[in-house]
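Topology and contacts: notes
Read off the chains here:
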Amino acid sequence: MTAATTLDPDSLNATADWQRRAMWIVVPLALVGLQLIFAGTRLPEHLDETFSDPLDDFAGWAQQNRSSNWLFTVIFRPLTSLVSTGLETIEETLLWVPWFVIPIAIFLYIARTRAWKSAIAASLAIIYPGLVGLWEVTIETLALMGMAIVLSVLIGVPIGVLAAFRRGFDTAIRPVLDAMQTIPAPVYFVPMVMFFGIGPVPATLATVIYALPPVVRLTTLGIRGVAQQSVEASTMFGATRWQTLRKVQIPMALPTIMAGVTQTIMMALGIVVLATLLGAGGLGQSVMDTLSQRRTGRGVATGLAVVAIAAVLDRLGRAVVGQDRATAPSRRTVLICVGGVIGLIIFGRSANYIAFPEMWETRAFDPIDDGVKWARDNLRWFTRAFNDTVVSWYYVPVRDYLTDSVAWPVIIASAAALGAWLKGWRLALLNVCAMGSILLIGMWELSIDTFVQVVAAVVLSILLAIPVGVAAGRHRRVEAALSPVLDALQTIPSLVYIIPAVTLFTIGVVPGLIASILYAIVPGVRLAALGIKQVPTESVEASQMFGATPRQTMFGVRIPLAARTIMAGVNQVIMLVLAMVIISGLVGGGGLGFETISAVKNSEVGLGFEVGFAIVMMAIVLDRSSQAIADRVGAPEVAAH
Amino acid sequence: MKKLLLGLLVLTLFAVACGDDSDSDTDASADADGDKPTISLVVNSWTASALNVAVAQQLIESELGYPTNVINIDENEAMFIGLADGTADAVLEIWPSGITDSEQAFFDDGSVEHLGELGAVGRIGWFVPDYVIEQNPELATWEGYFSDEAAAIFATAETGDNGRFLGTDPSYSQFDEQIINNLGMPFEVIYSGSEPATVAELDARVSAGEPILMYWWTPTAAVSTYSLVQVALPPHTEECGASAASGDGGVDCEYPEDVIIKAVSGKLADKAPAVYDFLAAFTITNDDQLSMLPPVELDGEDVDEVAAQWIADNEGVWSAWIG
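Procedures and definitions
Residues numbered from 1 in each chain as written. Chains lettered and ligands numbered in written order. Predicted model: local features only at pLDDT ≥ 70, side-chain atom pairs only at ≥ 80, totals over all residues. Heavy atoms only, no water. Helix = DSSP H or I, 4+ residues; strand = E, 2+ residues; numbered from the N terminus. Rg over C-alpha atoms; globule rule 2.2 N^0.38 Å. Contact = heavy atoms within 4.5 Å. Areas by Shrake-Rupley, 256 points an atom, 1.4 Å probe, with all protein chains shown as cover. Lys, Arg positive; Asp, Glu negative; His and termini not counted. Charge placed at Lys NZ, Arg CZ, Asp CG, Glu CD. Domains from an automatic or database assignment. Salt bridge = Lys/Arg side-chain N within 4 Å of Asp/Glu carboxyl O. Polar contact = N/O pair within 3.5 Å; in protein donor to acceptor, adjacent residues only side chain to side chain. Nonpolar A, V, L, I, M, F, W, Y, C, P; charged D, E, K, R; others polar. Disulfide = S-S within 2.5 Å. Pairing = 2+ DSSP bridges. Right-handed = clockwise from strand over helix to strand, strands pointing away. Buried < 20%, exposed > 50% of the residue type's maximum accessible area, 1.4 Å probe, protein only. Buried area = accessible area lost by both parts, 1.4 Å probe.

When helices and strands are counted, chain A shows 28 helices and 0 strands. A compact globule built from 641 residues would reach a C-alpha radius of gyration of about 26 Å, and chain A, at 27 Å, matches this within 12%. Over its C-alpha atoms, taken along the principal directions, chain A stretches across nearly 85 × 60 × 60 Å. Long-range contacts, defined as pairs at least 24 residues apart, comprise 82% of the intrachain contacts of chain A with a sequence gap of at least 6. Element-wise, carbon and sulfur atoms account for 67% of the exposed surface of chain A, whose accessible area totals about 29,900 Å². Side chains of chain A give 44 positive and 41 negative charges; the mean places of these two sets differ by 11 Å.

Next up, the structure:
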């Protein structure tokens, strides 16, 4: 296309136009042809055994040599005991300190940045789990999360710095980071068990793997963003490279790095419940236990403790960098505060006032159970009808149509044609390779099942997120009211609300859809709001001056101008929906999600890798295609105005 | 800021240093029994498993003086790996019908030791609420499940003309797909994926008086809460049991009676002989479990409190386990 415009614009454009139009006839004809040739043929022989057998063999070998091979005795075993000692030390220390010292210390630490509101919020948030009788379990999870986050920073920052300086290294690790973020965490739970056994240690390390990418990415971004002049100035004053890095680049990049750490914290807390598959214990286990007993209220109470931890860690993270010299408290104040905290510890220990006093316990939330019962008895006629409509008019027919009626080459060729139309032959080739490999490892039908669910969740999330986001972008009050809800939706373990959804809808794809939508609309709403806010006031005023109605201004000016940011939100929605595939497998969603759970729970390494691979392939196709759509939709519109 | 961080660090070190020799009379923490190793007991995802462990745990701490902790993990190979390497010391409720050949290998090489029967006898099977049988008496046995009418009773939007059989958490041993296919029943297995989801579905169906056919087991409190009745399947044969163990897909009979066993890490006898002897003698019967399950599953009481109550009521029983 670029060649066409540079050579002889008129005639070549005409040919290109003609060719493009011809494609609209040729491609469908070719697809019909493929369908006629391949209709009714079976899927090709799978290569999945050649793929999974070596992995299973390796797992078998690892299991037999756990006590003898040097890999275990020299590396994995010592590493396990190191992490385990670390975890125990943190946990014991936090429980040894009188409980009331912890909120006070948190308050003082954040208050030194003069962020009073945030200091009060964080210290109240840490008290909440104690009030509902979850103090010790929360400390257990806090220790695990703290350890995982510290390890992520210790590992992630150096990698990120290295990637900032060496392009080659950056290019090499980028796909690895992508994969780490899209492979559902449970997939690498199985090898974790092989190497590190069960319990909090493999759970910590699995959390590190899952939560590492944002620290690495934003460290690279931050270091690269440091102005060249600052670096040059530092070099001019004779600083060595190491000094420049330590004294100039890292401090200047700190806010960006901390943004990465905050994301890492959120991601780590996102797998608190899944980590119970490894025997992590803590709040995740409490959530599972209360839900098994149909105690929705206690589940919510426990889930809110996870939200509380997220809030505390988030604010602590911001406080690490949120200080400038002008507002820094004097040395005397700091000393008084530290002395005060030590005094309180000594006082608490000597008065033997250490454990959190017993207050309400999670029973305080039992009335929620009555609410669920009421909904079960009064709303179920509607929710069941909704469920059955979605299942029998969308899910089952579309799934069966794509699996039984459409021949597989037609699906792959359509994806290729779509890729070519959106972005060119590279995307077409990518789609063919990704989908072809799903076929070869024998994950075709499960992937189609999951794909049908993912599409529904994405479309519904976007339809919900855009109007809500637009409203939030236009009205400050709406945004202020939504903000805590969005935060909570992103951190509360979704099982807490989908188990009651099972009671209302039924086992199957619908509760999973609901969970995916509630989780995935968050970035959709946020980015839509951001996009609307970024629309220049002049454009809006100009349109109003020309007499446009509010409706016209909205659809003619605001939304088109925000399109690019909104499309970035769409892309994130897709990724988050994919992240929820596993959770829907826990409530009857079937497909790749259930297969992953099954592989983990039955320690099937090979199967686990295959499912994980299929999910990553699907993520790549959807991610690249949605980005291509974003480029087509977003760019010309913005350019036109 | 650095000063503050330093201060916090010093504080932490101070706390850790003091933590080691803290006053042992005030809290019965691990420090009190510094010379005795911590005993880790496995809790699987069902309530009875948690209750057995809570009873054992409290007795090991109070009577034998060992500190304890629990590891929550599914009954799968990972659990056996944990037992083999000593991360976990004991599991008190293994259902033999679910032991796979690769798990059996751990018993064979001695890394995990079979410690005798627990005393409870479990039964996995197909269950329906009693009103289903009252309305359709033929559904009491497997012979009633071949007709399209039977399938229609249990059909859902997802299964269409087939009846739905509700499977459960994939870590539980399930042969229902094989039974249905090998016998040729017009049913489809839909897996709930987790026990909370199964229980939520059961609760919703029974509260609306709707039919449901599902994988479940005894002893559980749900059997009496929801008046579940077990469907008779073709009798268990040796050949059928062999199919289940080898995984050849040929299962077409009922689940065997599960005489529940205990297992310990091969290292426990050396690590804590007193605990080993105690666990070997440890016995919980179906009646014990059925007395403890309803307070937890129905009234939402704390597992530890219910176990403590059992201990208080049954001193005559457990005093015999202490060597």
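Residue and element names in this part refer to chain A. Along its sequence, chain A is carved into domain 1 (53-371) and domain 2 (379-640). A straight line from the C-alpha centre of domain 1 to that of domain 2 covers 28 Å. Across the contact, 28 residues belong to domain 1 and 26 residues belong to domain 2. Scanning the region where domain 1 abuts domain 2 turns up 0 salt bridges. Where domain 1 meets domain 2, there are 0 residue pairs in polar contact (both at pLDDT 80 or more). Among the elements of the structure, α3 (48-64), α8 (167-182), α9 (185-196), α13 (282-292) and α14 (296-321) are those that each provide at least two residues to the side of domain 1 that touches domain 2. Element by element, the count of residues in the side of domain 1 that touches domain 2 is highest for α14, at 8 residues. Taken together, the residues of the side of domain 1 that touches domain 2 break down into 22 nonpolar, 4 polar and 2 charged.

Bringing the state of the cysteines into the picture now. Residues and elements named next belong to chain B. Considering all chains together, one arrives at 1 disulfide over all chains under this definition. Paired through a disulfide, C240 and C253 show a sulfur-sulfur distance of 2.0 Å. Torsion about the S-S bond of the C240 and C253 cystine: about -90°, corresponding to left-handed handedness. One end of the pair, C240, is in helix α10 (residues 238-246); the other, C253, is in the loop between α10 and β9 (257-265), with 13 residues separating them in the sequence.

Moving on to the pairing of strand β2 (residues 68-72) of chain B. All names here are of chain B. Where strand β1 (residues 39-43) meets β2, 5 bridges bridge the pair, whose relative direction is parallel. What sits directly across from L41, in β2, is V70. Considered for its hand, the β-α-β crossover made up of β1, helix α2 (residues 47-64) and β2 is right-handed.

This part is about unusual backbone geometry. Residue and element names in this part refer to chain B. Backbone torsion omega between T218 and P219 reads -5°, so that peptide bond is classified as cis. Along the chain, P219 turns up in the loop between β7 (214-218) and α9 (221-225). Here S227, not a glycine, exhibits a phi torsion of approximately 45°, which is positive. Tracing the backbone through its elements, the reader meets S227 in the loop between α9 and β8 (228-231).

Looking now at the environment of S603(A). Mapped onto the secondary structure, S603(A) falls in the loop between α27 (591-601) and α28 (605-640). Look at S603(A) and you get buried, because its relative accessible area is 18%. When the C-alpha atoms of S603(A) and D56(A) are compared, they prove to be 9.6 Å apart, with 547 residues separating the residues in sequence. Other than its neighbours up to four places away in sequence, S603(A) contacts V190(A), N76(B), E77(B) and A78(B).

Size of an interface, as often reported, equals the accessible area lost when the parts are brought together. Residue and element names in this part refer to chain B. Partitioning chain B into structural domains gives domain 1 (34-122 + 258-321) and domain 2 (123-256). For domain 1 versus domain 2, the distance between C-alpha centres works out to 29 Å. Counting from both sides, the interface comprises 18 residues of domain 1 and, opposite them, 18 residues of domain 2. Counting the surface lost from both domain 1 and domain 2, the interface buries some 1,400 Å², and carbon and sulfur atoms represent 58% of this. Summed over the shared surface of domain 1 and domain 2, the number is 0 salt bridges. Scanning the region where domain 1 abuts domain 2 turns up 4 residue pairs in polar contact (both at pLDDT 80 or more). Of all the secondary-structure elements, those providing two or more residues to the side of domain 1 that touches domain 2 are β4 (112-129) and α13 (286-297). Here the side of domain 1 that touches domain 2 gets 6 residues from one element, more than from any other, and that element is α13. In terms of residue class, the side of domain 1 that touches domain 2 is made up of 7 nonpolar, 6 polar and 5 charged.

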